[in-house]
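# Observations on the model geometry
Below are the chains, spelled out letter by letter.
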Amino acid sequence: MGLDIETKCLHLENEVADDHHYGAISYPIYQSATYAHPEVGQSTGFDYSRLQNPTRQQLEKVVASLENGLDALAFSSGMAAIAAMMEMFKPGDHIITDADLYGGSIRLFDAISAKNGIAFTRIDWGKASIESLIRDNTKALYIETPTNPMMRVIDIAKVAALAKKHNLLLIVDNTFLSPYFQNPLDLGADIVVHSGTKFLGGHNDTIAGFLVTNRQDISDQLRYIIKTVGSGLAPFDSWLVLRGIKTLSVRMERAQENAMAIVKFLQAEPKVKNVYYPGIPGSGGYEICKRQARGFGSMLTFEVESAPLAKHILKYTKLIPFAESLGGVETLLTYPCTQTHADVPEEERIANGITDCVLRMSVGLESAEDLIADLKAAMDSYDGYKAQYI
Ligand SMILES: *Cc1c(COP(=O)(O)O)cnc(C)c1O
């Protein structure tokens, strides 16, 4: 016990020199589907890679340790993780979620979980009385904080107290801050979700997902589900994420520094109407984020004065690609209304503030000056007349 998180990205607590790996510093990729048994009733600990694989197990131990969890399970994507978790619920169960969620999660809940008989109430968490929405059949509360893409902050400990009082599971998608900046289990959450594709993998080169828990009963249930539905992460992808995590601490710090410089630039830019970033002192989420996390991260959202300008920026930045996803070393600009949140009903999307003037930025590790110059050149080259024809 007691290693700092920077060290935990590289070493497990109580790590033993394991003579099976010939002293390999980089954990080996066990590209094997199956494992020989010494005799009937005996096992090496591994039987078949759908159930468990040594490389995946190593990754799961690292992620459990980063989140201070009892167990972590690695899936083939963030959505595979969330979809597997939904198998914990049965027809008739009810779940309350925030309206500002990753669009793919909303699509899963609306298009697949609902068909399987699970009911959802999706509300603006900051405005509603959550307690008044809890019914006899309510089983869980599902949130992200900061939210995607509007960067609202939810007080995890406060929601956890409500969940405990009503015997509900609290599920927190911690993708945006990563375990480097925030540990929801420590604040009372029961399950933490990650898209490992994002900060944990960190290099825009693989897709992965995690569920982490500190409850043995939930771990047992999820282990049963992962071996049955078969969506565990493959050995090579497990290795890529293990490799990504080695630099998580330096990446998170540097990307955050860059994000703060870009926020300052955007705030001073007359064509930008709003900047959403929890690290802005005086903004709604600042105090809560400061209390419950160790940083504000490197995701930011901004609203420009018109939709043609938003489209112009996406077309004319030279360094910053217009691409979905986040959390990698490369800075990316996303257009939530046609990308991540295209499947959210339009009325609901606009009520939530996700208009066609809103851009989301995942800040990476380039020089902040170069990123700012790229954004500025794209904005300055905007000509309202021409842009009508984009
Ligand atoms: C990307 C993302 C997901 C889905 O993860 P995939 O790895 O793309 O399947 C879930 N939640 C959040 C917050 C995300 O950003």
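Refer to the structure printed above.
To keep things clear, this report deals only with the structure shown in the data block. All residue numbers refer to positions counted from 1 along the written sequence of the respective chain. In keeping with the model being predicted, local features are shown solely for residues with a pLDDT of at least 70 and side-chain atom pairs are shown and tallied solely at 80 or more, while totals for entire chains, interfaces and linings include all residues. Hydrogens and waters are ignored; side-chain quantities use all the structure's heavy atoms.

## Considering the pattern of salt bridges
Any carboxyl oxygen of Asp or Glu that lies within 4 Å of a side-chain nitrogen of Lys or Arg is treated as forming a salt bridge with it. This structure, assessed with the given rule, holds 18 salt bridges. In this structure, arginine 107 and aspartate 343 form a salt bridge, with 2.7 Å as the shortest nitrogen-oxygen distance. Residue arginine 107 is found in helix α4 (residues 103-113), and its partner aspartate 343 is found in the loop between β10 (332-334) and α13 (346-351); the two are separated by 236 residues along the sequence. Relative accessibility decides the category of a residue: with a 1.4 Å probe and only protein chains considered, values under 20% of the type maximum give buried, values over 50% give exposed, and everything between is partly exposed. Taking relative accessible area as the criterion, arginine 107 reaches 43% and is therefore assigned partly exposed. Under the relative-accessibility criterion, aspartate 343 is labelled partly exposed at 46%. Between arginine 215 and aspartate 190 there is a salt bridge whose closest N-O contact spans 3.6 Å. With arginine 215 in the loop between β7 (209-213) and α8 (216-229) and aspartate 190 in the loop between α7 (178-181) and β6 (191-195), the pair connects residues that are 25 residues apart, well separated along the chain. Working definition: helices are DSSP H or I runs of at least four residues, strands are E runs of at least two. Numbering for both runs from the N terminus.

## Some details on the packing of helix α10 (residues 248-268) against helix α14 (residues 368-380)
Close contact between α10 and α14 brings their axes to 9 Å; oriented N to C, the two are set at 30°. Classified by the interaxial angle, the pair formed by α10 and α14 is roughly parallel. Regarding α10 and α14, the two cross each other, and that crossing is right-handed. Counting all contacts with α10, which are made through Asn258, Ala261, Ile262, Phe265 and Leu266, the residues of α14 involved are Ala368, Leu371, Ile372, Leu375, Lys376 and Met379. In terms of residue class, the contact of α10 with α14 is made up of nine nonpolar, one polar and one charged. Every axis corresponds to a line fitted to the C-alpha atoms, with the helix fit spanning only the stretch in contact, and the corresponding angles, defined between N-to-C directions, vary from 0 to 180 degrees. An angle below 35 degrees is treated as roughly parallel, one above 145 as roughly antiparallel, one from 65 to 115 as roughly perpendicular, and anything else as oblique. We call a crossing left-handed when the near helix sits turned anticlockwise from the far one by less than a right angle, and right-handed when that turn is clockwise. Only heavy atoms enter the contact rule, under which two residues are in contact if any of them lie within 4.5 Å. Polar here means any residue other than Ala, Val, Leu, Ile, Met, Phe, Trp, Tyr, Cys and Pro, which are nonpolar, and Asp, Glu, Lys and Arg, which are charged; Gly is therefore polar.

## Description of the packing of aromatic side chains
By convention, a stacked pair of Phe, Tyr or Trp rings (six-membered ring in the case of Trp) has centres within 6.5 Å and planes under 30 degrees apart, an edge-to-face pair has planes over 60 apart, and any other such pair is tilted. Tallied over the full model, the rule gives seven aromatic pairs. For the pair tyrosine 27 and tyrosine 30, a centre-to-centre distance of 6.3 Å together with 55° between the ring planes defines the contact as tilted. With a relative accessible area of 18%, tyrosine 27 lands in the buried category. Their ring planes at 85° and their centres at 5.2 Å tell us that phenylalanine 109 and tyrosine 142 sit as a pair that is edge-to-face. Taken together, the residues phenylalanine 109 in helix α4 and tyrosine 142 in strand β4 (residues 138-144) connect sequence positions 33 residues apart. Three or more aromatic residues joined by ring pairs form one cluster here, namely Phe109, Phe120 and Tyr142. The positively charged end of lysine 198 is found above the aromatic ring belonging to tyrosine 102, 5.2 Å away from the centroid. Two thresholds decide whether a charge sits over a ring: the Lys NZ or Arg CZ must be within 6 Å of the ring centre and within 35 degrees of the ring normal.

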